[in-house]
Amino acid sequence: FMTHLHDLVGHAFSLQLLAFGSVLAGLITLLLGVTTVPHAARLQLAFVVLVAAVLAQFMDRYGAVIDRHALQSVIETDPREGGEWLSWSLVVGVAAVTLPAWLVLAWTRVAPRPWRAALRARILLVVAALGLVLAPLMLDYRTLASLARNHPELRDLANPINLVNATRSYLKH
């Protein structure tokens, strides 16, 4: 995503790269902040890391984007055809990306909080995530909207938000 965006804006460092990175981080945090269940948080985060790693490896290896058609192809494939996509390099690539995350998740212990403190922390997380999304949009909406409108492939490259968009589109159609 960021490499493609860098190619589009043409600068080694630009405010557009920083703004899109902030929006993407905010959207991911917002999604996790709203959907994460307290007693299953570590498992949910591990699942998201694994899915994002598989998507990244798939996109890098095959040069594909994750959209409704790609998701439909995965859902409607048979086991033989699906097995052709699997390779040792895919497994090694996913393991290399997810192993550090698994170690952090295995060693991290979350102390239970009273429900009010947990609710307050969740609200602060959602507000911070909204700030990451809204601040760049308020500062330079015209440029960011133009870039997003003229390059719709960006939403198909924004991992793991692309899977959420693809799933929504697949279910709609």
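Here the structure is shown first, and the text comes after it.
Parameters at a glance
Residues numbered from 1 in each chain as written. Predicted model: local features only at pLDDT ≥ 70, side-chain atom pairs only at ≥ 80, totals over all residues. Heavy atoms only, no water. Helix = DSSP H or I, 4+ residues; strand = E, 2+ residues; numbered from the N terminus. Buried < 20%, exposed > 50% of the residue type's maximum accessible area, 1.4 Å probe, protein only. Contact = heavy atoms within 4.5 Å. Lys, Arg positive; Asp, Glu negative; His and termini not counted. Charge placed at Lys NZ, Arg CZ, Asp CG, Glu CD. Core = buried A, V, L, I, M, F, W, Y, C linked by side-chain atoms within 4.5 Å. Phe/Tyr/Trp six-rings, centres within 6.5 Å; stacked < 30°, edge-to-face > 60°. Expected span 1.5 Å × (residues − 1). Polar contact = N/O pair within 3.5 Å; in protein donor to acceptor, adjacent residues only side chain to side chain.

**Points about the overall build of the protein**
Stage number 1. If you tally the helices and strands in the protein, you get nine helices and zero strands.
Stage number 2. For the protein, the α and β elements follow one another from N to C terminus as α-α-α-α-α-α-α-α-α.
Stage number 3. In terms of overall dimensions, the protein has C-alpha extents of about 50 × 40 × 35 Å along its principal axes.
Stage number 4. Counting across all 173 residues of the protein, residues that qualify as buried make up 28%.
Stage number 5. Within the protein, contacts between residues at least 6 apart in sequence are counted, and of these 79% link residues at least 24 apart.
Stage number 6. Counting 14 positive and 10 negative side-chain charges, the protein places the averaged centre of each group 18 Å from the other.

**Topic: the nonpolar core**
Stage number 1. Counting residues in each nonpolar core, the largest one holds seven residues, listed as Val51, Leu55, Phe58, Met59, Ile66, Leu71 and Ala166.
Stage number 2. The element contributing the most residues to this core is helix α3 (residues 41-62), with four residues.
Stage number 3. What Ala166 contacts, discounting residues up to four positions off in sequence, is Ile66, Asp67, Arg68 and Leu71.
Stage number 4. The next biggest cluster of nonpolar side chains, apart from the first, holds five residues, and it includes Ala19, Leu144, Leu147 and Leu154.

**What to know about the packing of aromatic side chains**
Stage number 1. Summed over all chains, the structure comprises one aromatic pair.
Stage number 2. Ring centres 5.1 Å apart and planes at 55° place the aromatic pair Phe58 and Tyr62 in the tilted group. Taken as a pair, Phe58 and Tyr62 lie in helix α3 at a separation of four residues, close to a single helical turn.
Stage number 3. Exposure remark for Phe58: the relative accessible area of 18% places this residue in the buried category.

**Notes on unusual backbone geometry**
Stage number 1. Of note, the bond from Asn159 into Pro160 is cis; its omega dihedral lies within 30 degrees of zero at 0°.
Stage number 2. Residue position: Pro160 is located in the loop between α8 (153-157) and α9 (161-172).

**A short note on the environment of Ala95**
Stage number 1. Following the sequence through the fold, Ala95 ends up in helix α6 (residues 88-107).
Stage number 2. For Ala95, a relative accessible area of 38% gives the class partly exposed.

**Comments concerning α3**
Stage number 1. With 22 residues, α3 extends 31 Å between its outermost C-alpha atoms, agreeing within 8% with the 32 Å of an ideal straight helix rising 1.5 Å per residue.
Stage number 2. For α3, every residue scored as buried is listed here: Ala46, Val51, Ala52, Ala53, Leu55, Gln57, Phe58 and Met59.
Stage number 3. Where α3 is buried, its residues touch α5 (79-85), α6, α8 and α9.
Stage number 4. The positive-phi residue at the C-terminal boundary of α3 is Gly63, with phi of around 65°.

**Focus on the side chain of Ser22**
Stage number 1. Structurally, Ser22 can be placed in helix α2 (residues 15-35).
Stage number 2. Under the relative-accessibility criterion, Ser22 is labelled buried at 18%.
Stage number 3. For Ser22, the side chain forms a polar contact with the main-chain oxygen of Leu132, separated by 2.6 Å.
Stage number 4. When sequence neighbours within four positions are dropped, the list of residues in contact with Ser22 reads Leu132, Val133 and Pro136.

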